[in-house]
Amino acid sequence: MPSFLSKITFPRIKSLYGRIFATFWLTLLLVLIAVLAAQHSDPRQQRSLPDAVKAKYTELAEDISQDLTRKHGSLQSKLKKIQKKQPERAPRKLYFTGLEGEMLFNGHHGSSRVLKNFTSVADNPEAPMQRLYGRWMLAGPFVVSDGDEQALMYVGKLWREAPPFYVQILDRPFQLLLVTMVVSTPFLLWLAWAVSRPARRLQQAAERVAEGRFELDPSLEQGPQEFRQAGASFNQMVTALNQMVSGQQRLLSDISHELRSPLTRLRMANALAIRKQGESADLARIDTEAERMEQMIADLLSLSRMQLNSHAERDVFSLDDLWLTLMEDAEFEASQCDKRFSYQPLPNANIEGNGPLLCSALENVVRNAIKYANRQINVMFAVEGRSLFVEVSDDGDGVPPEMLEDIFRPFYRVSTARDRISGGTGLGLAITDSAMRQHNGRAEALLNEKGGLTIRLIFSLVTHS
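The shown structure was predicted, so the numbers you read here are calculated from the model rather than taken from an experiment. (Residues numbered from 1 in each chain as written. Predicted model: local features only at pLDDT ≥ 70, side-chain atom pairs only at ≥ 80, totals over all residues. Heavy atoms only, no water.)

J.: Is there a simple way to explain the overall build of the chain in this structure?
T.: Within the chain, the secondary structure is distributed over 12 helices and 12 strands. The burial tally for the chain puts 39% of its 465 residues in the buried class. Contacts in the chain between residues at least 24 apart in sequence constitute 64% of all its contacts with a sequence separation of at least 6. Element-wise, carbon and sulfur atoms account for 54% of the exposed surface of the chain, whose accessible area totals about 26900 Å². (Helix = DSSP H or I, 4+ residues; strand = E, 2+ residues; numbered from the N terminus. Buried < 20%, exposed > 50% of the residue type's maximum accessible area, 1.4 Å probe, protein only. Contact = heavy atoms within 4.5 Å. Areas by Shrake-Rupley, 256 points an atom, 1.4 Å probe, with all protein chains shown as cover.)

J.: Explain unusual backbone geometry to me, please; I cannot follow it from the model alone.
T.: Glycine aside, residues mostly have negative phi angles, and peptide bonds mostly take the trans form. Going from Gly 140 to Pro 141, the amide bond is cis rather than trans, its omega being 5 degrees. Within the fold, Pro 141 resides in strand β4 (residues 136-145). Phi is positive for Asp 338, close to 60 degrees, though the residue is something other than glycine.

J.: When you look at the pattern of salt bridges in this model, what are you seeing that I'm missing?
T.: A side chain with one charge can pair with a side chain of the opposite charge if their charged atoms come near. Throughout the structure, instances matching the rule amount to 13 salt bridges. One salt bridge connects Arg 70 with Asp 67, and the closest N-O pair in it is separated by 3.6 Å. Remark: Asp 67 and Arg 70 occur in helix α3 (residues 51-70); sequence separation between them is three residues, near one turn of the helix. Judged by its relative accessible area of 58%, Arg 70 falls in the exposed class. Between Asp 67 and Lys 71 there is a salt bridge; the shortest N-O distance is 3.9 Å. Salt bridges sharing common partners tie together Glu 391, Arg 442, Glu 444 and Arg 456. (Salt bridge = Lys/Arg side-chain N within 4 Å of Asp/Glu carboxyl O.)

J.: Is there a simple way to explain the sheet that holds β4 in this structure?
T.: Pairing between sheet strands relies on hydrogen bonds along the backbone, with the strands arranged either parallel or antiparallel. Across the sheet, which stays open at both edges, the five strands sit in the order β1-β3-β4-β5-β2 with antiparallel pairing between neighbours. Edge strands, defined here as strands with exactly one partner in the open sheet, are β1 (47-48) and β2 (92-97). With two bridges joining them, β1 and strand β3 (residues 129-133) adopt antiparallel strand pairing. Residue Arg 47 lies in a different strand from β3, and its bridge partner there is Gln 130. Packed onto the sheet, α3 meets β2, β4 and β5 (150-158) and runs at close to 45 degrees relative to β4. Along the sheet, helix α4 (residues 75-84) makes contact with β2, β4 and β5, crossing β2 at roughly 165 degrees. (Pairing = 2+ DSSP bridges. Axes fitted to C-alpha atoms, helices over the stretch in contact; angles between N-to-C directions.)

Printed below as a string of structure tokens:
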């Protein structure tokens, strides 16, 4: 923002409406003043004779009057002789009229409408005037006398100067429009800056909320009154979102925690029953379901904790620092299951967000692929612009096409090879989807050419400054 514009302030106009209105009329006022000032100094407009020129022509009139007193004849004949003696191409011409303004002779301008026009409006010897007509500057009137009679003298001087710049502008509408735009540009720039600055702050705050960062921004409550009110409402909304998210996650955490107590008592009672009655299929089934429920509660607690802190604990990570260890561990885990895990080198890029949640998002997908793959798991990374694409593919049995969008729902299970026999809780991909949404990304599921499942994760990268 230019420094001279930043100094332009309207301390008493706090509303955006008032600033726009005041800037509009101030611009029109300045343009009008400039046009009137240009017209006032236009030599083609009739104006008072400068003192120096007035004194010079007054002295000339006195010299002519003294010359007239020395000559014989009527005043009109003596003036005619003076006028005839003037060279045709002289840079200065003298013209004479009666006291009532009637032309005495025809001369260089004697019969022209220009001279008649000037003498009709400039007829007061006490206040001589001047005006430019074409190439001639006419001035007068001045009184000349032979002692008996009086007449009025007008002086025409050849104007050799170029028209002033502002006069040229007034004669050309396009240039006048251009100057008007130049004059109004600083005020319009200030107005655009005053409007766009709080709008950009509001936009950036909205983008942070879209990325899952519910942060209060005191700067939103600065600037024009309308934007201050919008900023205050926005901060109130962010506060309400923080309270709502925190309340929901605490409620989920409390419920999950409270469920553990009866579940622990259930497992203890089942263990006592097995000790007293011995092993049985029914008791084993109870223990298996209780164990699965305990794992489900643990996943719910983990999900609630990550979601609760996702917008508060954020940092910038390189992809190597974030996921390289995860890739190496997954490669080892797959080899223990007699499966082949391959991955591309991680791109040299940075990502911003909650580290544990970002790791959990990819880890759940990778472990899901290892669990359901037959022989092969492949992870691909690609950077396009400011987006990072991660694709995790396996060669398992996949899922029905109509269920691809449902597998990210919590507790959703597919009645194929990916079913309860695996012992999962149905929360892994739900945690991934939640993490992606909180980081302004998205997760997609599709079938690959091997018939297995491919999970595509799309992240937003941090640009290098």
